[in-house]
Amino acid sequence: MDRSADPVKKQINIYLEDRESPASIEPGTTVQELLGQVNKRLQKEAVAARVNGELADLTLPLYEDAEVEVVTFEDEEGAEVYRHTASHVMAQAVKRIYDKTQLGIGPAIQSGFYYDFDLDEPLSPEQLPQIEETMEQIIKEDLPIERMELSREEAMELFRERGEKYKVEMIADLPEGEVISCYRQGEFIDLCTGPHLPSTGKLKTFKLLNLAGAYWRGDESKPMLQRIYGTAFPKKKMLDEHLQRLEEARKRDHRRLGRELELFSLHEEGPGFPFYHPRGMIIRRELESFWREEHRRAGYHEIETPMILDRSLWEQSGHWEHYKENMYFTRIDDRDFSVKPMNCPGAMLVYKAGMYSYRDFPLRLAEMGLVHRHEKSGTLHGLMRVRSFTQDDAHIFMLPEQIEGEVAGIIDLVDRFYRVFGFAYHIELSTRPEKSMGTEEMWERATAALQNVLEKRGLDFKINEGDGAFYGPKIDFHLQDCLGRTWQCGTIQLDFQMPEKFDLTYTGQDGQRHRPAMIHRVVYGAMERFFALLVEHYGGAFPLWLAPVQAVVLPITDRHHAYAKEVRDRLLSEGMRVELDDRNEKVNYKIREAQVQKVPYMLVVGDREVEAGTAALRHRGEGDLGPVPLEDILRMLREEIDGKKVK
RNA sequence: GCUCACGUAGCUCAGGAGGUCAGAGCGUAUCCUUGGUAAGGAUAAGGUCACCGGUUCAAAUCCGGUCGUGAGCUCCA
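How each quantity is defined
- Residues numbered from 1 in each chain as written.
- Chains lettered and ligands numbered in written order.
- Predicted model: local features only at pLDDT ≥ 70, side-chain atom pairs only at ≥ 80, totals over all residues.
- Heavy atoms only, no water.
- Helix = DSSP H or I, 4+ residues; strand = E, 2+ residues; numbered from the N terminus.
- Buried < 20%, exposed > 50% of the residue type's maximum accessible area, 1.4 Å probe, protein only.
- Contact = heavy atoms within 4.5 Å.
- Near = heavy atom within 4 Å.
- Polar contact = N/O pair within 3.5 Å; in protein donor to acceptor, adjacent residues only side chain to side chain.
- Nonpolar A, V, L, I, M, F, W, Y, C, P; charged D, E, K, R; others polar.
- Phe/Tyr/Trp six-rings, centres within 6.5 Å; stacked < 30°, edge-to-face > 60°.
- Lys NZ or Arg CZ within 6 Å of the ring centre and 35° of its normal.
- Expected span 1.5 Å × (residues − 1).
- Arc of directions from axis to C-beta.
- Axes fitted to C-alpha atoms, helices over the stretch in contact; angles between N-to-C directions.
- Parallel < 35°, antiparallel > 145°, perpendicular 65-115°, else oblique.
- pLDDT = per-residue confidence, 0-100.
- Patch = residues over 30% accessible without salt bridge, like charges linked within 9 Å, V, L, I, M, F, W, Y side chains within 5 Å.
- Areas by Shrake-Rupley, 256 points an atom, 1.4 Å probe, with all protein chains shown as cover.
- Salt bridge = Lys/Arg side-chain N within 4 Å of Asp/Glu carboxyl O.
- Lys, Arg positive; Asp, Glu negative; His and termini not counted.
- Charge placed at Lys NZ, Arg CZ, Asp CG, Glu CD.
- Pairing = 2+ DSSP bridges.
- Disulfide = S-S within 2.5 Å.

Undergrad: Quick question: what am I supposed to make of the environment of Phe273 here?
TA: For Phe273, the location among the structural elements is in the loop between strand S16 (264-265) and strand S17 (275-276). By relative accessible area, Phe273 is classed as partly exposed at 25%. Linking Phe273 and Arg227, residues 46 residues apart in sequence, is a C-alpha distance of 30 Å. Discounting residues that sit within four places of it in the chain, Phe273 has contacts with Leu266, Tyr328, His372, Arg387 and Ser388.

The following block contains the structure:
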């Protein structure tokens, strides 16, 4: 852009949003100065601007007529600018304390920021306050932040001189002809596309949260840098609220609720191998029976295949070659066996046990298959990431022209399931990874087929290059946990390999043998992961149909025990999960415990209820509902259960 | 697997510059209390302070290793 002032033009016109007429200013006025002239409040709130649609610094001088939009912290990109500046201030502070620090990268992320450092000494959490203090100092200095545009050579020279080897590496990788920009604040310079706040003093409150290691460029073979995470807000109150929200989220953590509600446990004796307790088991079985019902309706047939199978099968499927490091092995009668890490080879054998015609297609074989995978120790996470889990798997064998219809059917099925639980989800399409089998042409065809269905249905999706399975591309469905981390649940994987490897055939209309196409798919994904996400989603307060204990009967004194038992038995006979709390405690105490355990309904019975044949109904969320005749209670609960209502 | 941190009764956590430091609350058991919508009272039981090794007269406390857990990275349902 030509930044020299136009000698002919004395004034330029700037069009601001929400203003009828343009502001007339002198060329060279910065966005910030302009805002000062027209709207002081906006000037104060602005963190960046959009000039003719392009995100820019407030310090950008304007030389031509332009449209200017103000970007504040409230805008997503405004928050990013704000926090990105916070990450620079943090980097500056770290460099002030440890001058040999080499900088990695330091972007803004969802609700915060981080910066990666290469330091000689390991950082420990005790050092964070010191870094925070230095950051406060830098903010107090209110250093102006200036943008500099450099040539590739200048930039190289600058960062080489400063000993920033990672920055030099980044510059070397920038495409030719790209404008290289840097930002300077006091003695600190960083390679950065910006934009940034106009000065360090604009930063109000921030907090450094945690430390972690992170490989340079996310590559395991590259050095590990030290990453500091933090967050920043324009108001102390917003920061406090954010920290409060994090605290609340931790209360929903499935690992915590799993223990408190006695759903499951994990033990040192079996890292990553979960134990289901009676209450967790009820939820799991409910999920499974819902699943069976829906799958029967959707035309699936259920099968079960063995957990341990001969080595030759895994060699044939390609797992021996491509998945060995994740597999468990055993030896029986001098033969090598493997514990199944996936259900597909077993399903192949089921298919091969019969003869199929094109008329049998699509053939949908479903399996609740328990698989074992030797995941790296550092990746284990409660029930979200475990080493043994049950996949609600299915393998669909079909004609090539049935692929798109089947994929569409699965997308509908997944959507139906997630809706029942009220889950929001996002979709990703993963393409061919480096370590994979099959021809380029096969991959292209398969990927195009998946993409086609998504596009036809107008679904938003993100493409994950090289993230597919070794046998084919896939569509993944992701859900969020209590902290907003996303987890892959449902997946649809197209596979042209397995039918080849197992020489699967069907008889076509022409009487000849042909190769079927195949899809692997899961809806819940892994029962363990889905269960964990459900716990966090509901914060432990499961809808009635899933609640391990649906109702508890609370007699007020011993003389009400007989009637309480009657009430309990009546509910039991209607198939409800009900308990009787006849402990020698006050009703307040029993109610509190039922609330803490998030039991949906409490039936309090005393003299009045015995007399009238009612129960004083209390809902964990709605409180006291007053006396209700037993038969009405039964009807209400039945309706709520059958409707899978979320209450 | 990697980086950093953590590991004390079933749970949540105090304590710990090496020596009356094995503590609290919740929970559990027993007894008293029979009480109407979120904790009634008393008493008691419970831990070789993750495990192994080292330093020391003495280790829960210091050092090393192992295992497990957490946050992230890598990888994945």
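Undergrad: Help me out: how do you make sense of the protein's contact with RNA strand B in this one?
TA: Taken together, 61 residues sit near RNA strand B, with Tyr215, Ser377, Asp558, Asn584 and Arg592 positioned nearest. The protein-proximal atoms of RNA strand B, defined as those within 4 Å of the protein, are 50% sugar or phosphate. In this structure, Cys489 approaches RNA strand B through a main-chain N or O atom, which is 3.3 Å from a sugar or linking oxygen. Contact between RNA strand B and Arg592: a base nitrogen at 2.3 Å from a side-chain N or O atom of the residue. Elements supplying a minimum of two residues to the surface near RNA strand B: strand S14 (205-215), strand S15 (224-233), helix H8 (254-260), strand S23 (388-398), strand S27 (486-495), helix H18 (587-596), helix H19 (607-612) and strand S34 (614-619). Of the residues belonging to the surface near RNA strand B, the class tally is 22 nonpolar, 16 polar and 23 charged.

Undergrad: What is the right way to look at the packing of aromatic side chains in this model?
TA: Ring pairs (aromatic) are described by centroid distance and by the angle formed between their planes. Counting across every chain of the model gives 27 aromatic pairs. Between Tyr418 and Tyr425 the ring centres are 5.3 Å apart and the planes differ by 80°, which places this aromatic pair in the edge-to-face class. Summarising the aromatic geometry, the rings of Phe423 and Phe530 are spaced 5.5 Å apart at their centres and angled 70° between planes, so their arrangement reads as edge-to-face. Remark: Phe530 occurs in helix H16 (residues 527-538) and Phe423 occurs in the loop between helix H13 (403-421) and strand S24 (426-430); sequence separation between them is 107 residues. Cation over ring: Lys324 sits above Phe329, and NZ or CZ is 5.9 Å from the ring centre. Sitting over the face of the ring of Trp545, Lys644 holds its NZ or CZ atom 4.7 Å from the ring centroid.

Undergrad: Explain unusual backbone geometry to me, please; I cannot follow it from the model alone.
TA: Where the residue is not glycine, phi is negative for most of them; where a peptide bond is considered, it is trans in most cases. Pro195 follows Gly194 through a cis peptide bond whose omega is -5°. The residue Pro195 is located in the loop between strand S13 (188-191) and S14 in this model. Unusually for a residue other than glycine, Asn52 sits at a positive phi of about 50°. Looking at the secondary structure, you find Asn52 in the loop between strand S4 (46-51) and strand S5 (54-56). Taking relative accessible area as the criterion, Asn52 reaches 51% and is therefore assigned exposed.

Undergrad: Got a minute to help me understand helix H9 (residues 278-297) in this structure?
TA: Within an α-helix, residues lying three or four positions from one another point in the same direction, as the helix has 3.6 residues per turn. Here H9 contains 20 residues, and its C-alpha end-to-end distance of 29 Å stays within 8% of the 28 Å for a straight helix at 1.5 Å per residue. Taken as a whole, H9 has its buried residues at Gly280, Ile283, Arg284, Leu287, Glu288, Phe290, Trp291, Glu294 and His295. Relative to the axis of H9, the buried residues are bounded by an arc of 160° and lie together on one face. Exposed side of H9, more than 90 degrees from the buried face: Pro278, Arg296 and Arg297 are the residues found there. Where H9 terminates, the next one or two residues include Gly299, which has phi positive at roughly 85°.

Undergrad: Hey, could you run me through the packing of H9 against H16 in this one?
TA: The angle between the axes and the distance between the axes are what describe a pair of packed helices. Viewed as axis vectors pointing N to C, H9 and H16 meet at an angle of 110°, and their least axial separation amounts to 11 Å. The angle between H9 and H16 falls in the class roughly perpendicular. The residues of H16 that touch H9, namely those facing Gly280, Ile283, Arg284, Leu287 and Glu288, are Met527, Glu528, Phe531 and Leu534. Split by residue class, the contact of H9 with H16 holds 5 nonpolar, 1 polar and 3 charged.

Undergrad: Whenever I open this one, the confidence of the model for chain A confuses me. Can you help?
TA: Any segment with low pLDDT has predicted coordinates that should not be analysed in fine detail. Taken residue by residue, chain A gives an average pLDDT of 93. The fraction at 70 or more is 99%. Taken element by element, the predicted model of chain A shows its lowest mean pLDDT in strand S2 (residues 23-25) (83) and its highest in strand S33 (residues 601-605) (98). Model confidence for the complex is summarised by a pTM of 0.93, with the ipTM given as 0.94.

Undergrad: Is there a simple way to explain a negative patch on the surface in this structure?
TA: A grouping of Glu17, Asp18, Glu67, Glu69, Glu74 and Asp75 is seen on the molecular surface, where their side chains present a negatively charged patch. Inspection of the secondary structure puts Glu74 in the loop between strand S7 (66-72) and helix H3 (76-97). What makes Glu74 exposed here is its relative accessible area of 65%.

Undergrad: What exactly am I supposed to notice about the pairing of S7 here?
TA: Consecutive side chains along a regular strand alternate between the two faces of the sheet. For S7, the tally of buried residues reaches 5 of 7 residues, placing the bulk of the element in the interior. Across 3 bridges, strand S1 (residues 12-16) lies against S7 in parallel orientation. Along S7, the bridge assignment pairs Tyr15 with Glu67. As defined by bridge partners, S4 adjoins S7 across 5 bridges and the pair is classed as antiparallel.

Undergrad: So what exactly am I meant to see when it comes to the pairing of strand S26 (residues 474-480) here?
TA: Counted residue by residue, S26 has 6 buried out of 7 residues, so it is predominantly covered. With 6 bridges connecting them, S26 and S27 associate as antiparallel partners. Across the sheet, Asp476 pairs through a bridge with Thr491, a residue of S27. Between S26 and S27, which pair antiparallel and follow one another directly, the connecting turn spans 5 residues, one of which, Gly484, has a positive phi of 85°.

Undergrad: In this structure, what is going on with the state of the cysteines? I would like to understand it.
TA: Put plainly, a disulfide is one covalent bond tying together the sulfur atoms of two cysteines. Going through the model one piece at a time under the given rule, you end up with 0 disulfides. Cys344 takes part in no disulfide bond, and the closest cysteine sulfur, belonging to Cys489, lies 19 Å away. Left unpaired, Cys489 is separated from the closest cysteine sulfur, that of Cys482, by 14 Å. By relative accessible area, which is 3% here, Cys489 ends up buried.

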